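The chain contents come next:
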Amino acid sequence: MAFVLINKSTRDSLGAVIRALFQPALIIPLGTAALYATGEIFLLSYMGWWSVANLKTTILWLVTFAFVTMFEVATAKNRKAGLGKITAEILSVAVLVTFIAELYSFPLIVELIALPFVTIVVLMAEMAKHKPEHAPIAKLMGCLSILIGFSYIGFSLWKSVELWRDTFTRANWLELVIPIILSVAFLPFLYAWRTYVAYNEMFTTISIFGIDKALVPYARWLAITRIRTDLDLLERWRKSIQSARPANKVELKHTLTALLVLKEREAAPPTVPPKEGWSPYLAMQFLADVGVETGHYNHRYEDEWGASSLMRELGESDGIWRNNIAYYIDGTQHAATVLKVKLNVNLTADCTGAENMFILHAMHLLEQAVSFDAVERLKMQIASLKDFPADIPFGSASLARENFHGGAIKDGYSWMFTVRRGA
């Protein structure tokens, strides 16, 4: 702080940072969170559990948990998963371990020597992770970090047992419990905050890229009355609006009605005869056992529907191009008719592991979509990675390679394993 205040350039920048912190976009939500936390503290004080002695712990909790988790929830790609992760952290053993480790400190001289040493160890471990050739250093620094952590925990436990009369007191118990209680009681606020942020993003986005601004109030009313707190459905509706671009209230309402019907069908998937294909919602789970998760099965255009997974990068290369694999489902509204696993080999020097992963995915898909007998019959053809077509009950399976032509990747290629049924 002294350096910042002495140097003119950093002193001017500090003023800009302070002004930025007092923008309404930050002050209003953080102030609201602080008021909510004040209500929690008042209740704990009324119950006789909180006193001024807990003020330092409470302020640290507000800054390091309450404010931080608000930003985590707001920026998480999957807000439901983000809130679940925060809940798990609150109730994890790590909270107890951290409390024990911080209950007693080493003598001051030891702490002063340890601080720069620990900082260097942690920074070296993080830097070494970014380059494969530094893996031994990363492993060594990781072991040192674990050893340091156990030394702090061990010392604190030893002192706790030695000074058990001073350790096992009501004051220490409250120092442990109060942050946990405050965190658990803060979850409803985080839930409401997450919902507000999702709605705010939704209507800001569709007014720019989706519909006429005059339709936004009606869209907001539909969302509040029919979607409510289902943020997954809200996000799907946003994508549907951006795709369909409804021009009036009737078309806008139809996009939501169609999505609600689709969600009911997902909850109770209809049976699809094998000669017509597969249930799309069953097909979405065919590769779940190997860690592949698809998006929703949605309408694309005309009579074509589909779903796909994200491209999962394979290998440990830190270059621009990496090999990747993905799963695709194509079909109609009622049945999936084409299932595909595609491997893009962008880095031929690292192709062996990627191709082995592709073979595993192809065989697993064939087993789930058709039968184990089909895998036994075609496994040698799949494992040899040679183009082939083959018949299966009510359809066909095929493997094909396609070389890349032009572009930045000169010697790249892709493998496509396809299973078809129905139309």
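Scroll up to find the structure.
Throughout this document, residue positions are counted from 1 along each chain, in the order its sequence is written. A pLDDT threshold of at least 70 governs which residues receive local features in this predicted model, and a stricter bar of 80 or more applies before side-chain atom pairs are shown or counted, although totals over entire chains, interfaces and linings include all residues. Note that water and hydrogens are dropped before the side-chain values are worked out from all heavy atoms of the structure.

What follows covers the pattern of salt bridges. Definition used for salt bridges: Asp or Glu carboxyl oxygen within 4 Å of a side-chain nitrogen of Lys or Arg. Under the counting rule described, the total for this entry stands at eight salt bridges. Here Arg 238 ties to Glu 235 by a salt bridge, and the two come within 2.4 Å at their closest N and O atoms. Taken together, the residues Arg 238 and Glu 235, both in helix H12 (residues 231-244) and three residues apart, mark about one turn of the helix. A salt bridge links Glu 313 to Arg 322; its shortest N-O distance comes to 3.3 Å. Exposure is judged per residue with a 1.4 Å probe applied to protein chains only, and the accessible area is read against the type maximum: over 50% gives exposed, under 20% gives buried, and values in between give partly exposed. Arg 322 sits in the partly exposed class, given a relative accessible area of 21%. Taken together, the shared-partner salt bridges in this structure form one network comprising Arg 300, Asp 330 and Lys 340. By definition, any uninterrupted DSSP run of H or I lasting at least four residues is a helix, any uninterrupted run of E lasting at least two residues is a strand, and each is numbered from the N terminus.

So, on to the packing of aromatic side chains. Planes of paired rings set the category: under 30 degrees apart is stacked, over 60 is edge-to-face and the rest tilted, where pairs are Phe, Tyr or Trp rings (Trp by its six-membered ring) whose centres lie within 6.5 Å. According to the stated counting rule, one finds 14 aromatic pairs in the structure shown. Seen in terms of ring centroids, Tyr 281 and Tyr 297 are 6.2 Å apart; in terms of plane orientation they differ by 75°. Their pairing is edge-to-face. With a gap of 16 residues between them, Tyr 281 in helix H14 (residues 280-283) and Tyr 297 in the loop between H14 and strand E1 (298-301) connect regions that are remote in the sequence. Of the two residues examined, Tyr 281 and Tyr 297, each falls in the buried class. By definition, being over a ring means that NZ of Lys or CZ of Arg is both within 6 Å of the ring centre and within 35 degrees of the ring normal. Between the NZ or CZ atom of Arg 220 and the centre of the ring of Phe 203, over which it lies, the distance is 4.9 Å. Across the ring face of Tyr 413, the terminal group of Arg 401 is positioned such that the distance to the ring centre comes to 3.7 Å.

This brings us to the packing of helix H3 (residues 24-46) against helix H4 (residues 55-75). Interaxial angle, 0 to 180 degrees, is taken between N-to-C directions of lines fitted to C-alpha atoms, where a helix line uses only the stretch in contact. Two numbers describe how H3 lies on H4: the axes approach to 11 Å, and their chain directions differ by 130°. By the angle between their axes, H3 is oblique relative to H4. Crossing hand, H3 versus H4: right-handed. Here Leu 26, Pro 29, Leu 30, Ala 33, Ala 34, Ala 37, Glu 40 and Ile 41 of H3 come into contact with H4, specifically with Thr 58, Trp 61, Leu 62, Phe 67, Met 70 and Phe 71. Gly falls in the polar group here, along with every residue not listed as nonpolar (Ala, Val, Leu, Ile, Met, Phe, Trp, Tyr, Cys, Pro) or charged (Asp, Glu, Lys, Arg). A class-by-class count of the residues in the contact of H3 with H4 yields twelve nonpolar, one polar and one charged. Angle categories are assigned with fixed cut-offs, so that under 35 degrees is roughly parallel, over 145 is roughly antiparallel, 65 to 115 is roughly perpendicular, and the rest are oblique. Take the far helix as the reference: if the near one is turned anticlockwise from it by less than a right angle, the crossing is left-handed, and if turned clockwise, right-handed. Note on definitions: a residue-residue contact is assigned when non-hydrogen atoms from the two residues lie within 4.5 Å.

Turning to the environment of Asp 391, a few remarks are in order. Structurally, the position occupied by Asp 391 is in strand E6 (residues 388-392). A relative accessible area of 61% means that Asp 391 is categorised as exposed. The spacing of Asp 391 and Val 419 is 28 residues in sequence and 9.6 Å in space, taken between C-alpha atoms.

Turning our attention to helix H11 (residues 216-227). All of the buried residues along H11 are Val 216, Tyr 218, Ala 219, Leu 222, Ala 223 and Ile 227. Buried positions in H11, seen along its axis, are confined to an arc of 155° and lie on one side of it. Buried residues belonging to H11 abut helix H10 (170-209), H12 and helix H13 (249-267). A positive backbone phi angle near 55° is found at Arg 228, which sits one or two residues after H11. The arc in question is formed by the directions pointing from the helix axis toward the C-beta atoms.

Don't take any of this as a statement about function, it's just geometry.
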